[in-house]
Amino acid sequence: RRWPRAQHRCRAFARRQPLKPKAEDINRLLGRWVELIRRILPESISIRCIEDPEAGSAEVDKNQLESALLNLAVNARDAMSKGGTFTIETAYTNVQEHDANVPFDLKPGQYVLICISDTGVGMTREVLERAFEPFFTTKPLGQGTGLGLSQVFGFVKQSGGNVKMYSRPGHGTTVKIYLPRMS
């Protein structure tokens, strides 16, 4: 009985979201977004915002970026049930060919880096390896769809960027989003 519904969800997920990209100053956009998440995160979670004035602009769909960041904030909130620190940081980075600081396939060029970190429970290597898979979740039944991180990944890749996640049990999680920077 569930199979037709699951097929529908898989087909819907497989379609690319139509993006409406335009030039966005990432620091300005994140400044507004931080005000939104202050209302979502409990008082037991402090928010740190570190903006690099050189971060610059990226051509992105503002609504999709905000949705992706909201997914990350909700995951961070769930990982810090006893409180902690949520950090959002921007930076300018110039990726060179065979750059040792970028451990995954990213084309050489200039990028706006958005780094989201939490001091939550962290993830095991096995969970981390599956985190971006559609419908994969570690949350109890009814508390997560398993689509949040896969949507983040899809949006960032569709925007010409890349995303990498780092985590260790007991040491929190960091998500680095690389978006092509506009010159």
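If you're wondering where the values come from, they're calculated on a predicted model, not measured in any experiment.

1. Some thoughts on the overall build of the protein chain
Then, in step 1: When its secondary structure is counted, the protein chain shows five helices and seven strands.
Then, in step 2: Taking all 183 residues of the protein chain together, the buried fraction comes to 37%.
Then, in step 3: Taking as baseline every contact in the protein chain between residues at least 6 positions apart, the subset at least 24 positions apart corresponds to 75%.
Then, in step 4: For the protein chain, the exposed area adds up to about 11,100 Å²; of that, 49% sits on carbon and sulfur atoms.

2. Things to note about helix H3 (residues 62-79)
Then, in step 1: Spanning 18 residues, H3 covers 26 Å between terminal C-alpha atoms, matching the ideal 26 Å at 1.5 Å per step.
Then, in step 2: Those residues of H3 not exposed but buried are Leu65, Ala68, Leu69, Leu72, Ala73, Ala76 and Ala79. The buried residues of H3 all sit within an arc of 140° when viewed along its axis, so they share a single face.
Then, in step 3: Where H3 begins, the side chain of Asp61 points an oxygen toward the backbone nitrogen of Asn63, at a separation of 3.0 Å.

3. Points about the packing of H3 against helix H5 (residues 148-158)
Then, in step 1: The geometry of H3 relative to H5 is characterised by a closest axis approach of 9 Å and an angle of 145° between their N-to-C directions. Two packed elements cross with a definite hand, and for H3 against H5 that hand is left-handed. Where H3 approaches H5, its residues Gln64, Leu65, Ala68, Asn71, Leu72 and Asn75 are matched on the opposing element by Gly148, Leu149, Gln151, Val152 and Phe155.
Then, in step 2: Of the residues assigned to the contact of H3 with H5, the class counts are six nonpolar, five polar and no charged.

4. Considering the pattern of salt bridges
Then, in step 1: Taken as a whole and assessed by the stated rule, the structure comprises two salt bridges.
Then, in step 2: The residue Arg38 makes a salt bridge to Glu35 at a minimum N-O spacing of 3.5 Å. Of the two residues, Arg38 and Glu35 both sit in helix H2 (residues 26-40), three residues apart, roughly one turn of that helix.
Then, in step 3: A residue is classified by how much of its surface remains accessible, and Arg38, at 43% relative accessible area, is partly exposed.

5. Looking at the pairing of strand S6 (residues 162-167)
Then, in step 1: Pairing of S6 with strand S7 (residues 173-180) involves six bridges; the strand directions are antiparallel. Looking at the pairing, Val163 lines up with Ile177 of S7.
Then, in step 2: In textbook terms, the turn of a hairpin is the stretch between consecutive antiparallel strands, and for S6 and S7 this stretch comprises five residues, one of which, Gly170, has a positive phi near 80°.

6. Considering the packing of aromatic side chains
Then, in step 1: Counting across every chain of the model gives three aromatic pairs.
Then, in step 2: Here Tyr111 and Tyr178 contribute two aromatic rings whose centre-to-centre distance is 6.3 Å and whose plane-to-plane angle is 85°, an arrangement assigned as edge-to-face. One end of the pair, Tyr111, is in strand S5 (residues 109-118); the other, Tyr178, is in strand S7, with 67 residues separating them in the sequence. For the pair Tyr111 and Tyr178, a shared accessibility class is recorded, and that class is buried.
Then, in step 3: Here the aromatic rings of Phe132 and Phe153 are separated by 5.3 Å at their centres, their planes lie at 35°, and the arrangement is tilted. Of this pair, Phe132 sits in the loop between helix H4 (125-130) and H5 while Phe153 sits in helix H5, and the two are 21 residues apart along the sequence.
Then, in step 4: Residue classification places Phe153 among the partly exposed positions, given a relative accessible area of 31%.

7. Focus on the environment of Gly109
Then, in step 1: Mapped onto the secondary structure, Gly109 falls in strand S5.
Then, in step 2: In this structure Gly109 comes out as partly exposed when scored by relative accessible area, which is 23%.
Then, in step 3: When neighbours within four sequence positions are excluded, Gly109 is seen to be in contact with Thr93, Asn94 and Val95.

Definitions and cut-offs
Residues numbered from 1 in each chain as written. Predicted model: local features only at pLDDT ≥ 70, side-chain atom pairs only at ≥ 80, totals over all residues. Heavy atoms only, no water. Helix = DSSP H or I, 4+ residues; strand = E, 2+ residues; numbered from the N terminus. Buried < 20%, exposed > 50% of the residue type's maximum accessible area, 1.4 Å probe, protein only. Contact = heavy atoms within 4.5 Å. Areas by Shrake-Rupley, 256 points an atom, 1.4 Å probe, with all protein chains shown as cover. Expected span 1.5 Å × (residues − 1). Arc of directions from axis to C-beta. Polar contact = N/O pair within 3.5 Å; in protein donor to acceptor, adjacent residues only side chain to side chain. Axes fitted to C-alpha atoms, helices over the stretch in contact; angles between N-to-C directions. Left-handed = near helix turned anticlockwise from the far one by under 90°. Nonpolar A, V, L, I, M, F, W, Y, C, P; charged D, E, K, R; others polar. Salt bridge = Lys/Arg side-chain N within 4 Å of Asp/Glu carboxyl O. Pairing = 2+ DSSP bridges. Phe/Tyr/Trp six-rings, centres within 6.5 Å; stacked < 30°, edge-to-face > 60°.

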